[in-house]
Amino acid sequence: MPDKNGGIVSTRGFGDMIGLYLALKLVKERPDIFTKKEQAQIIARIKEVYPWALAGSDNENRALLSAAYGLNILREPAMNFTLAEKNNYKKQLANKIKIGLQTIDRQGIYRENGNKTYSLHYQLVSAMTLAWLGENLPNKDYTNLAKKMLAYVHNRYPAGQLDWRGSKRPTGLGLQTVLLRALGEKYLGNKNWLNYWEI
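Keep in mind that this is a model prediction, so the values were computed, not measured. (Residues numbered from 1 in each chain as written. Predicted model: local features only at pLDDT ≥ 70, side-chain atom pairs only at ≥ 80, totals over all residues. Heavy atoms only, no water.)

Draft legend 1. Local environment of the pattern of salt bridges. One pass over the structure, following the stated rule, counts 11 salt bridges. For the salt bridge of Asp-32 with Arg-30, the shortest nitrogen-to-oxygen distance reads 2.7 Å. A relative accessible area of 56% places Asp-32 in the exposed class. As a salt-bridge pair, Glu-48 and Arg-45 come within 3.1 Å of each other at their nearest N and O atoms. Placement of the pair is Glu-48 and Arg-45 together in helix H2 (residues 36-54), with a separation of 3 residues, close to one helical turn. Judged by its relative accessible area of 48%, Glu-48 falls in the partly exposed class. Among the residues examined, Arg-45 registers a relative accessible area of 44% and is labelled partly exposed. (Salt bridge = Lys/Arg side-chain N within 4 Å of Asp/Glu carboxyl O. Buried < 20%, exposed > 50% of the residue type's maximum accessible area, 1.4 Å probe, protein only. Helix = DSSP H or I, 4+ residues; strand = E, 2+ residues; numbered from the N terminus.)

Below is the structure:
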């Protein structure tokens with residue numbers, strides 16, 4: 001899409017990055033449903049769209065998700081990226097993480113819309129994404145911040161008292177939020193983490 005200055009702006013984003021990752025995973029795990037030619041076409045299309053998804057203007061938790069899924073794609077040998085491409089994409093992934101980190105304050109609380117609005121769901125999404133990034137880059141700062149974010153949820157919501165009230169969006173508790181909470185407890189080393197799912 002053209003911008004005001006006549007340049008090209010990406011209209012892709014984190015949703016496309018997730019889709020590219022899932023397409024790649026499908027090719028890898030179910031090669032029986034594609035011919036060799038189709039597999040090559042899918043890989044080529046992922047390689048073509050990847051830089052546009054990476055250049056998308058994701059912010060907040062979406063930037064962190066884009067970085068995590070993008071890192072998985074970047075590390076896939078079948079993508080056959082050149083060294084120059086890898087180095088360029090690594091810088092862009094690092095920038096995505098920096099953008100996502102802007103919504104997390106020093107106390108490890110995720111706040112959207114200019115660091116004003118708390119969201120329990122996206123606190124958990126961001127924390128677990130940072131936990132994954134911290135382990136896979138590796139980066140202890142991301143790991144420590146993820147633990148701080150998860151400890152905040154642990155302390156604020158005792159087992160059986162998870163509540164969306166006081167959180168801007170989404171309203172209500174979905175199973176994804178409950179699952180992320182339970183996995184967060186496991187990540188913190190809580191031996192009773194499964195109770196947080198069952199309750």
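Draft legend 2. Inspection of the packing of aromatic side chains at higher detail. Going through the model one piece at a time under the given rule, you end up with 5 aromatic pairs. Ring geometry for Tyr-50 against Tyr-89: centres 5.0 Å apart, planes inclined by 75 degrees, an arrangement best described as edge-to-face. Here Tyr-50, found in helix H2, pairs with Tyr-89, found in helix H4 (residues 83-101); they are 39 residues apart in sequence, far enough to count as distant. Following the ring pairs from residue to residue traces out a cluster consisting of Tyr-50, Phe-81 and Tyr-89. (Phe/Tyr/Trp six-rings, centres within 6.5 Å; stacked < 30°, edge-to-face > 60°.)

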